[in-house]
Amino acid sequence: MSVRVRIAPSPTGDPHVGTAYVALFNRAFARQQGGQFLLRIEDTDRTRSTPESEAMIFESLRWLGLTWDEGPDVGGPSGPYRQSERLPIYKDHTEKLLASGAAYLCFCTSERLDALRREQTTAKLPTRYDGACRDLAPAEASRRRTAGEACVVRLRIPASGELAFDDLVRGRISFQAEQIDDQVLLKGDGYPTYHLANVVDDHLMGITHVMRAEEWIPSVPKHLLLYRAFGWTPPGMAHLPLLRNPDRSKISKRKQPTSLNWYRDQGYLPEAMVNFLALMGFSQPDGKEIFPFEEMARNFAFERITTSGPVFDLKKLEWLNGTYLRELIPGALAARLAPFGASAQDPARVAAILPLVQERLKRLAEWGELTDFFFTAPEPGPLLLEQGKHPAAEGAAMLEEAAAALQDQADFSSAAVEALLRGKQALRGWKTGDYFMTLRVAVTGRKATPPLTDTFAVLGREEVVRRLRAAAAWLGRAREA
RNA sequence: GCGCCCGUCGUCCAGCCUGGCCUAGGACACCGCCCUUUCAAGGCGGCGACACGGGUUCGAAUCCCGUCGGGCGUACCA
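The structure displayed is predicted, hence computed values, not measured ones.

Draft legend 1. Broad picture of the side chain of Asn198. By the element assignment, Asn198 lies in helix 6 (residues 194-204). For Asn198, a relative accessible area of 2% puts it in the buried group.

What follows is the structure, given as structure tokens:
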């Protein structure tokens, strides 16, 4: 039987990094096994689901290259892939459960339930449904339902017994039935809860392995009971660790960026993002840390997945991104930079700058701040006074001399300019660091830049001379003041 | 509270299943040095962990028990 796996995100809010994480692992397994990877939208929460959110999920997963074989937008043999479009299916299955007694109708109001929960909490008791409707006579219950009384459908959990399964990454996990609550399966609005929809869909869609986050482990026994009640064989289950904030709580937007949009806008490369996510809980047999998706798929194994929750470390992501950025060929880098301002700039100039900033770029969004002085002359300012131990007068002289010499320099290549400047500096006995830093600040307005003469070559003679003179003039005025 | 999951450097990961090869290895970060006109990149080096306590064993990071710690769940949310 061919492997079929899925991710089942809820379209609420921004596309979450955790969704991409789980998608990656599922897709890697499917790829390795030559199986299918499906995308199912779990939009059973009517109050929180939005089409915008769904669209962003599609978009960001595609951005990461985590595409799916079947899904709401691409179709497939097991559709519909949006749970809101499968309501009759859940209804039918609920009726079967009701008929067999595996589930029952519950007429308790949410007010009563809330009060019950409060009492249990203050009494330090486990908060659970008290079973008020559990033993209603079926005939009586269905009469009340037909009469229009509001109700939900609850799963009837057996009074005792062990519910266990073998997690593919964690081994055997078991629960005692008495600890489990009679879960709601069908809500008052006729929509299924996660538990019902998830089990029914996974079965009907032929899912062979459920790989999802650790937070779902406690709901497995309910699912097991559902599979049993329907007479179905449960799929293999693998629970991935939960991504964590630096304080080790479950990753959340208040403590850490979680939106895939944010990572895209910051200029993290999708391939770096995928590689980084793979590093969270997965490792290559040879210890290699930089590898593409295909290589992850090749070596994927449940045994290679870690059980403890990894902290999402932005620092390491940034490093990884930098390594991917450095490997890009110039044309590719220029294309990636287009959305970050480069598309509005002179392509020839951009191309000339690229080799100078490529190894200094950690995120594409840094492009602007790293290169603005190539496009706009800096305003001479006090930073000029801070350079070296020479007085303002001498600084002005340095700049004037450099400007004069450069003005007559026909060959403006980096090497030629460097030779000229070094000659000047040696002749005058100026300290190397002092001299070049003064020139640097004069021409770029900052203390950290790509190699100076390379920068000069890109800017061109006219521009460099103009900036040197402007800075010298400023220093001259500063001396008078 | 109750249930479940987890516990190796600050962080990610290797080692654990199949005890000795571990005076615990790699990566990020940090610190220092080298290269160097600055910043990067690169090279070299440093700092730094088996949560604790018992047990099993000739021998335990590895097996068992307990304690402690962290996390998740405990919804007509997923």
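Draft legend 2. Looking closely at unusual backbone geometry. A cis amide bond, omega -5°, links Gly79 with the succeeding residue Pro80. Tracing the backbone shows Pro80 in the loop between helix 2 (51-63) and helix 3 (87-100). Here Lys124, not a glycine, exhibits a phi torsion of approximately 55°, which is positive. Mapped onto the fold, Lys124 is located in the loop between helix 4 (110-122) and helix 5 (138-146). In this model, Arg248 sits at a positive phi of 75°, which is unusual for a non-glycine residue.

Draft legend 3. Region of interest: the protein's contact with RNA strand B. Around RNA strand B lies a shell of 63 residues, among which Arg170, Lys187, Glu359, Arg422 and Arg440 are the nearest. Atoms of RNA strand B within 4 Å of the protein belong to the sugar or the phosphate in 73% of instances, the rest to bases. In the environment of RNA strand B, a base nitrogen lies 3.2 Å from a nitrogen or oxygen atom belonging to the side chain of Lys316. In the environment of RNA strand B, a base nitrogen lies 2.6 Å from a nitrogen or oxygen atom belonging to the backbone of Thr449. At the level of elements, strand 4 (152-155), strand 6 (171-176), helix 11 (314-327), helix 17 (432-444) and helix 18 (452-459) are the ones that each hand at least two residues to the surface near RNA strand B.

Draft legend 4. Representation of the pairing of strand 1 (residues 4-7) within the structure. Here strand 1 shows no split at all, with Arg4 and Arg6 on one side and Val5 and Ile7 on the other all buried. Pairing of strand 1 with strand 2 (residues 36-39), which is carried by four bridges, proceeds in the parallel orientation. If you follow Arg4 over to strand 2, its bridge partner there is Gln36.

Draft legend 5. Structural context of the pattern of salt bridges. In the structure shown here, the tally under the stated rule is 39 salt bridges. We note a salt bridge from Glu59 to Arg264, for which the minimum N-O separation is 3.4 Å. One end of the pair, Glu59, is in helix 2; the other, Arg264, is in helix 8 (residues 260-266), and 205 residues separate them in sequence. Of the residues examined, Glu59 reaches a relative accessible area of 46% and is grouped as partly exposed. Residue classification places Arg264 among the partly exposed positions, given a relative accessible area of 27%. Across the salt bridge formed by Asp166 and Arg172, the nearest N and O atoms sit 3.1 Å from each other. Using a relative accessible area of 48% as the deciding quantity, one classes Asp166 as partly exposed. A residue is classified by how much of its surface remains accessible, and Arg172, at 55% relative accessible area, is exposed. Through salt bridges with shared partners, a single network forms among Arg6, Arg40, Glu42, Arg86, Asp201 and Asp202.

About the thresholds
Residues numbered from 1 in each chain as written. Chains lettered and ligands numbered in written order. Predicted model: local features only at pLDDT ≥ 70, side-chain atom pairs only at ≥ 80, totals over all residues. Heavy atoms only, no water. Helix = DSSP H or I, 4+ residues; strand = E, 2+ residues; numbered from the N terminus. Buried < 20%, exposed > 50% of the residue type's maximum accessible area, 1.4 Å probe, protein only. Near = heavy atom within 4 Å. Polar contact = N/O pair within 3.5 Å; in protein donor to acceptor, adjacent residues only side chain to side chain. Pairing = 2+ DSSP bridges. Salt bridge = Lys/Arg side-chain N within 4 Å of Asp/Glu carboxyl O.

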